[in-house]
2 protein chains.
Amino acid sequence: MASNTVRERILRSGRRITPQRDAIAGILERAEQPVSAQELCDAVGEVDPQIGRATVFRTLQSLMEAGLVQRITIPGAETRYLLCSTAEHHHHLVCRECGAVEELPERGVASFLARVEREHRFLVDHATFDVYGTCARCAGREPEPAARP
Amino acid sequence: MASNTVRERILRSGRRITPQRDAIAGILERAEQPVSAQELCDAVGEVDPQIGRATVFRTLQSLMEAGLVQRITIPGAETRYLLCSTAEHHHHLVCRECGAVEELPERGVASFLARVEREHRFLVDHATFDVYGTCARCAGREPEPAARP
DNA sequence: TTGATTGCAAAGTGTTTGCAACTAG
DNA sequence: CTAGTTGCAAACACTTTGCAATCAA
């Protein structure tokens, strides 16, 4: 099988590697949590102040189209971007404490969606399912975790 | 039990009824599908061109706080607002054909969330679960419905 | 009466675009 | 070589804010 570095994945998607994309991908790769466009711009600026906002946005868009990056839209907060291990459709568990994101494979959601389809006679085309809360590690530290699904 | 008109619900939430709010709520009420802020501004403008954008946004915010309105954030599209029959937390099935929105009660999602909590050792605080596809009525008309969960 | 609400216009965000210059493949 | 990519700055879309005037309860 082909190499799975981000660079390889970009190349395989028929896109060019440029220093800018390399920098942006690197930041996303190192980030332990989803990054906002603004944060990304700032971080990129530290690598090379020459790189402009437009490039950051265009790169994100490009990487999203390539399936390398997914955008998660936290309602009431900013849009954030994260490098995904797989281009397949999946969902996220986002920890509010540490920002860590766990990927929830589509498989886990599929059976539930099937039930929705059956019960509501609704043909599902796309579903967003993002869960916010406290991850196991952070829950271990906290005395009184919130709980309101 | 108390009356359940939108006016009543606004009043009961300790907010004032104003002609502007009445107009905005009326539009949301008549809309068969979620409305974007822009559309709302336009529609409101037809009722009374005097009503400004700021008022529309402030009213939406107010109604959201009161639990009358919910905002749904379609990834890659605009934010839309819709009047909800209940202030309780719930999710939506949105038909891409006709725009109709069906409310999916939290109850239906709860057991699924419980499983996620168990399997991922994750304390769920809030989950967004919005489903896009084709409703039964539209599916009946269409020869080849899309299907890619 | 009086605090909530409004209109206006101006300021913020966050994101996109046009275009000439540049460069990876 | 040449289509894809970039930087810049300006344009855009959407939402929020300050403030004085107004109005619902």
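The structure under discussion appears in the preceding block.
Let us look at the structure shown here. Note that the coordinates shown come from a computational prediction; the quantities given were computed from them, not determined experimentally. (Residues numbered from 1 in each chain as written. Chains lettered and ligands numbered in written order. Predicted model: local features only at pLDDT ≥ 70, side-chain atom pairs only at ≥ 80, totals over all residues. Heavy atoms only, no water.)

1. Thoughts on the interface of chain A and chain B
Quoted interface sizes are often the accessible area lost when the parts come together. Contacts between chain A and chain B engage 43 residues on the former and 43 residues on the latter. With both sides pooled, the region where chain A packs onto chain B buries about 3,800 Å², and carbon together with sulfur makes up 60% of that total. Where chain A meets chain B, there are 0 salt bridges. In this assembly, chain A and chain B are joined by 8 residue pairs in polar contact (both at pLDDT 80 or more). Here the side of chain A that touches chain B gets 14 residues from one element, more than from any other, and that element is strand E6 (residues 122-135) of chain A. Classifying every residue of the side of chain A that touches chain B by side-chain character gives 23 nonpolar, 10 polar and 10 charged. Summarising the sheet, E6(A) and strand E6 (residues 122-135) of chain B pair through 13 bridges and their orientation is antiparallel. (Contact = heavy atoms within 4.5 Å. Buried area = accessible area lost by both parts, 1.4 Å probe. Salt bridge = Lys/Arg side-chain N within 4 Å of Asp/Glu carboxyl O. Polar contact = N/O pair within 3.5 Å; in protein donor to acceptor, adjacent residues only side chain to side chain. Helix = DSSP H or I, 4+ residues; strand = E, 2+ residues; numbered from the N terminus. Nonpolar A, V, L, I, M, F, W, Y, C, P; charged D, E, K, R; others polar. Pairing = 2+ DSSP bridges.)

2. Some words on the relation of the copies chain A and chain B
Of the transformation superimposing chain A on chain B, the axial component is 0.1 Å and the angular component is 179 degrees, with the fit at an RMSD of 0.2 Å. Taken together, the rotation and translation relating the two chain copies correspond to the operation of a two-fold axis. In terms of C-alpha distance to the rotation axis, chain A has A:Phe129 as its closest residue, with the C-alpha 2.2 Å off the axis. Comparing contact sets, 100% of the residues at the interface of chain A also lie at the interface in chain B, consistent with an isologous, same-surface contact. (Least-squares fit on C-alpha atoms with pLDDT ≥ 70 in both.)

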